[in-house]
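These are the residues of each chain, in order.
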Amino acid sequence: MASKEGNEKTKGAQGAGDNKEKRRKESILDLSKYLEKSIRVKFAGGREAAGILKGYDPLLNLVLDNTTEYLRDPDDPYKLLDDTRALGLVVCRGTSVVLICPMEGMEAIPNPFIAQE
């Protein structure tokens, strides 16, 4: 009897572990609609890049092709300049991704919190 109860407990523990694994594999975001489309990515630390999304995984690691990095002002690291540099094919680590947005339909709007002169 003891071995039968032990097996049932083991099965229960494995079943709970299987649920956790299934939950982990699900992605928070569904990026499949952006595959082969141009996206812009903001990273922790202020860097920004744009490219064509070629692939991704549940951890939000991204593969971008024809990638362009937007260069920052040396005096103010959070201010972007008009300068860019071509990077080509890149892999972006998911832990540093802060924001992902499509390039189509995106437009700059004036900041309503800055006092107008």
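Just above sits the structure.
This section reports on the structure supplied with the text. Keep in mind the model is a prediction, meaning the values are calculated, not measured. (Residues numbered from 1 in each chain as written. Predicted model: local features only at pLDDT ≥ 70, side-chain atom pairs only at ≥ 80, totals over all residues. Heavy atoms only, no water.)

**A short note on the nonpolar core**
By size, the foremost hydrophobic cluster in this structure holds 12 residues: Leu31, Ile39, Val41, Phe43, Ala49, Leu53, Leu60, Leu62, Leu64, Val90, Cys92 and Val97. Elements represented by at least two residues in this core include exactly strand S1 (38-43), strand S2 (48-56), strand S3 (62-72) and strand S4 (80-92). Setting aside residues up to four positions removed in sequence, cysteine 92 forms contacts with Phe43, Leu60, Asn61, Leu62 and Leu64. (Core = buried A, V, L, I, M, F, W, Y, C linked by side-chain atoms within 4.5 Å. Buried < 20%, exposed > 50% of the residue type's maximum accessible area, 1.4 Å probe, protein only. Helix = DSSP H or I, 4+ residues; strand = E, 2+ residues; numbered from the N terminus. Contact = heavy atoms within 4.5 Å.)

**Describing the pattern of salt bridges**
As enumerated under the stated definition, the model contains 5 salt bridges in all. Glutamate 69 is the partner of arginine 47 in a salt bridge, and the nearest nitrogen-oxygen pair spans 3.5 Å. One end of the pair, arginine 47, is in the loop between S1 and S2; the other, glutamate 69, is in strand S3, and 22 residues separate them in sequence. Note on glutamate 69: relative accessible area 7%, which makes it buried. Here arginine 85 and glutamate 69 are joined by a salt bridge, their closest N and O atoms 2.6 Å apart. Taken together, the residues arginine 85 in strand S4 and glutamate 69 in strand S3 connect sequence positions 16 residues apart. (Salt bridge = Lys/Arg side-chain N within 4 Å of Asp/Glu carboxyl O.)

**Here we look at the pairing of S2**
Note: S1 against S2, 5 bridges, orientation antiparallel. Considered in S2, the bridge of serine 38 is made with isoleucine 52. Here S1 hands over to S2 after 4 residues, with glycine 45 in that stretch at a positive phi of 100°. Strand direction decides the pairing type here: S2 and S3, joined by 7 bridges, are antiparallel. Counted as the bridge partner of glutamate 48 is tyrosine 70 from S3. (Pairing = 2+ DSSP bridges.)

**With respect to the sheet that holds S2**
The strand order across the open sheet built from 5 strands is S4-S3-S2-S1-S5, with neighbouring strands paired in antiparallel fashion. If you trace the sheet from one side to the other, it starts and ends with S4 and strand S5 (97-102), each paired once. Direction aside, neighbouring strands of the sheet carry axes that sit 30° apart on average. Two elements, S3 and S4, share 8 bridges in a ladder whose sense is antiparallel. When the bridges of S4 are listed, arginine 72 appears paired with leucine 80. (Axes fitted to C-alpha atoms, helices over the stretch in contact; angles between N-to-C directions.)

**Some details on the environment of threonine 95**
For threonine 95, the position within the fold is in the loop between S4 and S5. Within the structure, the side chain of threonine 95 is placed 3.1 Å from the side chain of arginine 93, a separation counted as a polar contact. (Polar contact = N/O pair within 3.5 Å; in protein donor to acceptor, adjacent residues only side chain to side chain.)

**Points about the packing of aromatic side chains**
Ring pairs (aromatic) are described by centroid distance and by the angle formed between their planes. Under the definition given, this model contains 0 aromatic pairs. The ring of tyrosine 70 has arginine 40 sitting right over it, with the charged end atom 3.9 Å from the ring centre. (Phe/Tyr/Trp six-rings, centres within 6.5 Å; stacked < 30°, edge-to-face > 60°. Lys NZ or Arg CZ within 6 Å of the ring centre and 35° of its normal.)

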